[in-house]
Amino acid sequence: LTVMGMLRHGYVGQAVGEATMLDVLGEATQPVLGVCADVTALPTRVLAAVDGSAPSLVAARVAKRLLAAGGAMTLAYVSSATPADAPNALEELRAELSGTSRAGEAAGSVRTLVLEGEPMPALLAVAEAEPFDLVAAGTHGPGLFERIFVGSVARALVRGVRASMLIAPAPSGDAVSPRAVQP
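Notes on the structure follow. (Residues numbered from 1 in each chain as written. Predicted model: local features only at pLDDT ≥ 70, side-chain atom pairs only at ≥ 80, totals over all residues. Heavy atoms only, no water.)

Section: the packing of aromatic side chains
Here comes step 1: For the structure on display, the rule yields zero aromatic pairs.
Here comes step 2: The cationic tip of R45 hangs over the ring face of F132; the distance from NZ or CZ to the ring centre is 5.5 Å. (Phe/Tyr/Trp six-rings, centres within 6.5 Å; stacked < 30°, edge-to-face > 60°. Lys NZ or Arg CZ within 6 Å of the ring centre and 35° of its normal.)

See the structure below:
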């Protein structure tokens, strides 16, 4: 896990913080946690964007480990045509993460949310509607386009969400289909 600070002060700070995190993500081989400057504790409310890819599952699992005792996590799956097995797969992931906790601490709650539409606007709407402390997602690289631009959904989240961000890249040398692993 690479941890870095993110500036969220005015337009210049946002641009610098976003650009730095996007630069790091373009080369990352492990999850990157961008922490907002005003953060003083572990997150109590986490949104994890899960599209079924291995990186999105890694992001959800790492985010759950960062969740404060008694915190709440939302697993959000977005699809314009939700596969019939998506709710079942999401429920399996929810059950797995509900049992994950640090030694001696309450596991916290995990809920699922199935959204329809385009991923970027749907996830940004959820992130704006609730006060999440951390938003987690995966990328689908690492082709040339991915290394230069990072994933469009991940980039939109980094730029549009005003919370700390956790982004998990695809394993080096592996191009990952968003449906490679069902959520």
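Some thoughts on the environment of A127
Here comes step 1: Along the chain, A127 turns up in helix α4 (residues 119-129).
Here comes step 2: Residue A127 is classed as buried on the basis of its relative accessible area, which comes to 13%.
Here comes step 3: A sequence separation of 35 residues divides A127 from R162, and the C-alpha atoms of the two residues are 8.5 Å apart.
Here comes step 4: If we ignore the near neighbours within four places in the chain, the residues touching A127 are L47, F132 and V161. (Helix = DSSP H or I, 4+ residues; strand = E, 2+ residues; numbered from the N terminus. Buried < 20%, exposed > 50% of the residue type's maximum accessible area, 1.4 Å probe, protein only. Contact = heavy atoms within 4.5 Å.)

Brief notes about the side chain of S56
Here comes step 1: By the secondary structure assignment, S56 is in helix α2 (residues 54-66).
Here comes step 2: With a relative accessible area of 1%, S56 lands in the buried category.
Here comes step 3: Here D51 takes part through its side chain, which lies 3.1 Å from a polar atom of the side chain of S56.
Here comes step 4: Leaving out residues up to four positions away in the same chain, S56 has contacts with A49, V50, D51 and G138. (Polar contact = N/O pair within 3.5 Å; in protein donor to acceptor, adjacent residues only side chain to side chain.)

Section: the pattern of salt bridges
Here comes step 1: According to the stated counting rule, one finds four salt bridges in the structure shown.
Here comes step 2: Taking the shortest distance from any N to any O, the salt bridge between E130 and R45 comes out at 2.6 Å. Highlighted residues: E130 in the loop between α4 and β6 (134-138) and R45 in strand β3 (residues 45-49), separated in sequence by 85 residues.
Here comes step 3: By relative accessible area, E130 is classed as partly exposed at 23%.
Here comes step 4: Between R94 and E91 there is a salt bridge; the shortest N-O distance is 2.6 Å. Of the two residues, R94 and E91 are both situated in helix α3 (residues 86-98); the distance of three residues between them amounts to about one turn of the helix.
Here comes step 5: Here the residues in one salt-bridge network are R45, R111 and E130, joined through shared partners. (Salt bridge = Lys/Arg side-chain N within 4 Å of Asp/Glu carboxyl O.)

Some details on the environment of S79
Here comes step 1: On the secondary structure map, S79 appears in strand β4 (residues 72-79).
Here comes step 2: Residue class for S79 comes out buried when judged on its relative accessible area of 4%.
Here comes step 3: Note: C-alpha distance between S79 and L115 (36 residues apart in sequence) is 6.5 Å.

Section: the pairing of β6
Here comes step 1: Within β6, five of the five residues are buried, which leaves the element mostly enclosed by the surrounding structure.
Here comes step 2: A two-sided burial pattern is seen for β6, the buried positions comprising L134, A136 and G138 on one face and V135 and A137 on the other.
Here comes step 3: When β3 meets β6, the two strands line up parallel, connected through three bridges. Within β6, the position partnered with L47 by the bridge is V135.
Here comes step 4: The pairing of β6 with strand β7 (residues 164-168) spans five bridges and is parallel. From the neighbouring strand, G138 faces β7, where its bridge partner is A168. (Pairing = 2+ DSSP bridges.)

None of this, on its own, says anything about what the molecule does.
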